[in-house]
Amino acid sequence: MTTTTTPHPAPTETPTPARRTTTRPRGRRRGERGPLASIALHATLLVASAIAIFPVLWIALTSLKPGDDWQKPGSFAGLSLGNYRDVLSDGSFVRWFGNSVVVALGTTVLGVFIAASAGYALSRMRFPGHKPLMWAFLVVQMFPVAVLIVPMYTIMSKLHLINTYGSLILAYCTVAVPFCAWMLKGYFDTIPREIDEAGRVDGLTPFGTFWRLVMPLARPGLAVTAFYSFLTAWGEVAYATTFMNDRKHYTLAVGLGTWVGQFKSEWGLMTAASVLITIPAALVFFFVQRHLVSGLTAGGTKS
Amino acid sequence: MTTTIEAPESPGSPSVPEGTTPRKPAAGRFRRILRRLRRSYDSHWYAWAMVLPVVLVLGVLVGYPLVRGLYYSLTDINEANMGRTIGVNHIPATYEWVGLKNYRDVLSGSDGNFYPKLQWTLIWTVSCVVLHYTLGLGLAVLLNRKVRFSGMYRIMLVVPWAVPAFVSAFAWRLMLNKDNGVINSILGGAGMDPVDWLGQPTTAKIAVIMVNVWIGAPFNMVAILGGLQAIPKEQYEAAEMDGATPWQRFRYVTMPGLRPISATIILLGVIWTFNQFAVIYLVTEGGPFGSTEILVTFAYKLGFANIRDYAGAATYGAIILSMLILFATAYRRTLDRKGQETA
């Protein structure tokens, strides 16, 4: 605002018209828009949403078609749950499903816990090895998994972990933890240090502060990392094929892979199975989705 | 890990006054180092204890195989000569040290695979990351405005992220199927000829990029949306007071405000896409005729093809790793320099 240089008579007159020009003529306030802009906005979002959910809806629709009708995109006659009945009546499906649940939940719990503990140390403490560790989290994601499988198999068999849930849980942790720890470090950075200090004054150990005070506050960040870890473990195929070579121990993804050969191109059954696999992931997603945005906010962190 | 003590400044590591011991030349040098180590341990053991599980898991399961892989890349190891135990018979390993021969073979282009695959890998990475970021940014900006049903839109738009990768790949293969796929039947309805999406090199490339963009855009959108919400409203108000147009507000308030999150997701995006094994492998298996094969899937094939060429796979792995490390370092440097200029 400029200081008025006008002489004494009317010091209030000059500012008034000036302010009027900035606020008055605008018919709409900020954040409001005309009907055309609104239509364009909703149209764009609708088209994008349709593209996003179409493949999922399509596979769900196809799974209801009987027999070989998956080959006829245009036919919607005789929809039934027959494919689901066939899939679920196969005893192995339920078993594989159980295996997948154990592995995915194990990865989520272990992965999030160790990532959170490392992320907290990286966020709050300066210690020798701080910077190399941040770099290591990045570098670990650069080495192609495909090349790691064979040497990792050797280690797993030396540890007698082949055909156990432990092998897969640990392997998935190596995939999920670097990103989770990096993310959680960023999230912890946004939680004020005063909270830690208050905890320390009240006689909590650093670990106690982390566990009792900071973890509950970090719920959105933890939700996102849990989601990420769960998904990493839930749909993975390469490690699961290598480490579980006993039919009893197959995870869902591997088991279904064997189906494709077994019942030649039974894509109808595959679609039903795919929907069944997606449901647990969708449930997890539904519980964490309201945290997704706030949880990732902290992702914009400098190392 | 070094033994230097950085000044501890956080509540987690109680501060130890530095340099309280008077310097005694020559004498007790070893003891001084010991003492420093000891003091370092005293003030940092909490931090180390908290990162230990991660370091153990990563060290044993990634670090060791990585070092092992680097060693293999300097030998001629393959399935036939690696040695094994069959029943009671132990066949000794006969692979030999070959120095840098594997690297020379690959980098000179004499294996005939590296440069064509590298070129496609770069096209694949750049186009996927650019599309991920721009689509994510566009959708995030739209969702960040006051829109009715924005919660609904957001849930629908994040769906591709929540679907397991092999289910998405299967869904797209079903839709892209030449004779029975819904995409061709829609095209047919519009009077166009069916396209053999996954059977032609060019269309297969377009198809895998499309699938990967579909899978990856939601993550970018959510991350950028988080970044947008972290930009203080006052900055927009100030810009508006100064009469900035919407485009100027976007250019001079939104984009700089998004810089930290953009730096992170672009870096991660490049690393993830460069190594995106699952999408390529599940949708096309690298075909047709190897046209969609990126370096990672090719390395996997080397290691798991008829005669398993572990040395070749390890060499490709090491080259991929070095390229990404170079990229990450250069990227960080550029960002730091830019940050200093604007600061």
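Cut-offs applied
- Residues numbered from 1 in each chain as written.
- Chains lettered and ligands numbered in written order.
- Predicted model: local features only at pLDDT ≥ 70, side-chain atom pairs only at ≥ 80, totals over all residues.
- Heavy atoms only, no water.
- Helix = DSSP H or I, 4+ residues; strand = E, 2+ residues; numbered from the N terminus.
- Buried < 20%, exposed > 50% of the residue type's maximum accessible area, 1.4 Å probe, protein only.
- Areas by Shrake-Rupley, 256 points an atom, 1.4 Å probe, with all protein chains shown as cover.
- Axes fitted to C-alpha atoms, helices over the stretch in contact; angles between N-to-C directions.
- Parallel < 35°, antiparallel > 145°, perpendicular 65-115°, else oblique.
- Left-handed = near helix turned anticlockwise from the far one by under 90°.
- Contact = heavy atoms within 4.5 Å.
- Nonpolar A, V, L, I, M, F, W, Y, C, P; charged D, E, K, R; others polar.
- 1 Å grid on protein atoms, 1.4 Å probe; cavity = no way out; pocket = protein on both sides within 12 Å on 5 of 7 lines; lining within 4 Å.
- Points joined across faces, edges and corners; volume = space filled by probe spheres on them.
- Phe/Tyr/Trp six-rings, centres within 6.5 Å; stacked < 30°, edge-to-face > 60°.
- Salt bridge = Lys/Arg side-chain N within 4 Å of Asp/Glu carboxyl O.
- Patch = residues over 30% accessible without salt bridge, like charges linked within 9 Å, V, L, I, M, F, W, Y side chains within 5 Å.
- Disulfide = S-S within 2.5 Å.
- Buried area = accessible area lost by both parts, 1.4 Å probe.
- Core = buried A, V, L, I, M, F, W, Y, C linked by side-chain atoms within 4.5 Å.

Caption draft 1: A look at the overall build of chain B. When you go through chain B residue by residue, the secondary structure sums to 13 helices and two strands. When the 343 residues of chain B are sorted by exposure, 46% land in the buried category. Accessible surface, chain B: about 17900 Å² in total, of which carbon and sulfur atoms supply 62%.

Caption draft 2: Here's a closer look at the packing of helix 4 (residues 91-124) of chain A against helix 9 (residues 206-217) of chain A. Residue and element names in this part refer to chain A. Where helix 4 contacts helix 9, the two axes come as close as 11 Å, and the packing angle between them is 110°. With respect to each other, helix 4 and helix 9 are oriented roughly perpendicular. Note that helix 4 runs across helix 9; the crossing there is right-handed. Contacts between helix 4 and helix 9 involve Phe113, Ala116, Ser117 and Tyr120 on the former and, on the latter, Pro206, Phe207, Thr209, Phe210, Trp211, Val214 and Met215. In the contact of helix 4 with helix 9, the residues fall into nine nonpolar, two polar and no charged.

Caption draft 3: Structural view of empty space enclosed by the protein. Evaluated as defined, the whole model comprises seven cavities of 30 Å³ or more. Of the voids in this model, the largest cavity is the one considered here, and its volume is about 120 Å³. Forming the walls of the largest cavity are 14 residues, and the residues nearest its centre are Val147, Val150 and Pro151 of chain A together with Tyr310 and Ala313 of chain B. Every element with two or more residues in the lining of the largest cavity is listed here: helix 6 (145-158) of chain A together with helix 1 (29-72), helix 12 (295-304) and helix 13 (310-342) of chain B. Among the residues making up the lining of the largest cavity, the classes are represented as twelve nonpolar, two polar and no charged.

Caption draft 4: Looking closely at the packing of aromatic side chains. Residue and element names in this part refer to chain B. Per the counting criterion, the structure on display carries 34 aromatic pairs over all chains. Relative to Tyr281, the ring of Phe277 lies with its centre 5.0 Å away and its plane at 15°, an arrangement referred to as stacked. Of this pair, Phe277 and Tyr281 are both found in helix 11 (residues 277-283), four residues apart, which corresponds to roughly one turn of the helix. Take Phe277: its relative accessible area is 15%, and that puts it in the buried class. Judged by its relative accessible area of 26%, Tyr281 is partly exposed. Where Phe298 meets Tyr316, the ring centres are 5.2 Å apart and the plane angle is 70°; that geometry is what we call edge-to-face. Taken together, the residues span a long stretch of sequence, with Phe298 in helix 12 and Tyr316 in helix 13 at a distance of 18 residues.

Caption draft 5: Spotlight on the pattern of salt bridges. Inspection of the entire model under this criterion finds four salt bridges over all chains. The closest approach of N and O atoms between Asp196 of chain A and Arg124 of chain A, which form a salt bridge, is 3.0 Å. Here the residue Asp196 of chain A occupies a position in helix 8 (residues 193-201), and Arg124 of chain A occupies one in helix 4, the gap between them amounting to 72 residues. Like Arg124 of chain A, Asp196 of chain A is buried. For Asp105 of chain B, the salt bridge goes to Lys101 of chain B, with nearest N and O atoms at 3.1 Å. Of this pair, Asp105 of chain B and Lys101 of chain B both sit in helix 2 (residues 101-107), four residues apart, which is roughly one turn of the helix.

Caption draft 6: Main features of a nonpolar patch on the surface. Side chains of Leu159 of chain A together with Leu52, Leu56 and Val60 of chain B sit close together on the surface and give an oily, nonpolar patch of about 350 Å² of accessible area. Looking at the element boundaries, Leu56 of chain B is found in helix 1.

Caption draft 7: Region of interest: the state of the cysteines. Evaluated as defined, the whole model comprises zero disulfides over all chains. No disulfide involves Cys173 of chain A; its sulfur sits 8.8 Å from that of Cys180 of chain A, the nearest cysteine.

Caption draft 8: View of the side chain of Ser123 of chain A. Residue and element names in this part refer to chain A. Positionally, Ser123 belongs in helix 4. Taking relative accessible area as the criterion, Ser123 reaches 2% and is therefore assigned buried. Leaving out residues up to four positions away in the same chain, Ser123 has contacts with Lys185, Phe188, Asp189 and Arg193.

Caption draft 9: Representation of the interface of chain B and chain A within the structure. Facing the 96 residues of chain B at the interface are 96 residues of chain A. When chain B packs against chain A, the two sides together hide about 8800 Å² of surface, and 79% of this comes from carbon and sulfur. Per-residue buried area on chain B facing chain A is highest for Met50, Leu61 and Phe170 of chain B; these three make up 9% of the total on that side. Where chain B packs against chain A, one counts zero salt bridges.

Caption draft 10: Quick peek at the packing of helix 8 (residues 233-241) of chain B against helix 9 (residues 246-257) of chain B. All names here are of chain B. For the pair helix 8 and helix 9, the least separation of the axes is 10 Å and the interaxial angle reads 145°. As for how helix 8 packs across helix 9, the hand of that crossing is right-handed. Contacts between helix 8 and helix 9 involve Gln235, Tyr236, Ala239 and Glu240 from the first element and Arg249, Val253 and Thr254 from the second. Within the contact of helix 8 with helix 9, the residues separate by chemical class into three nonpolar, two polar and two charged.

Caption draft 11: Quick peek at the environment of Leu88 of chain A. Residue and element names in this part refer to chain A. Checked against the element boundaries, Leu88 lands in helix 3 (residues 82-89). Sequence separation of Leu88 and Ala272 is 184 residues, and the distance between their C-alpha atoms is 9.6 Å. Among residues more than four places away in sequence, those in contact with Leu88 are Phe93, Val94 and Leu276.

Caption draft 12: A look at the side chain of Thr315 of chain B. All names here are of chain B. Here Thr315 shows up in helix 13. When its relative accessible area of 1% is taken as the criterion, Thr315 is described as buried. Those residues in contact with Thr315 that lie beyond four places of it in its chain are Ser73, Asn102, Tyr103 and Val106.

Caption draft 13: Representation of the environment of Leu107 of chain B in the model. All names here are of chain B. You can see Leu107 is positioned in helix 2. Along the sequence, Leu107 and Tyr316 sit 209 residues apart, while their C-alpha atoms lie 10.0 Å from each other. With residues up to four places along the chain from it excluded, the contact list for Leu107 reads Phe114, Tyr115 and Ile319.

Caption draft 14: Focus on the nonpolar core. Grouped together as the largest cluster of nonpolar side chains are 183 residues, with contacts concentrated most on Leu45, Phe188 and Tyr239 of chain A together with Trp124 and Trp161 of chain B. The element that contributes the greatest number of residues to this core is helix 7 (residues 165-189) of chain A, accounting for 15 residues. Among residues more than four places away in sequence, those in contact with Phe188 of chain A are Ala116, Gly119, Tyr120, Ser123, Arg124, Phe210, Val214 and Ala218 of chain A. With five residues, the next largest nonpolar core counts Ile77, Tyr310, Ala311 and Ala314 of chain B among its residues.

Caption draft 15: Expanded view of unusual backbone geometry. A positive phi angle, close to 65°, is found at Asn163 of chain A, a residue other than glycine. Positive phi, normally seen in glycine, also occurs at Phe289 of chain B, with a value near 55°. The residue Phe289 of chain B is located in the loop between helix 11 and helix 12 in this model. Its relative accessible area of 77% is what places Phe289 of chain B among the exposed residues.

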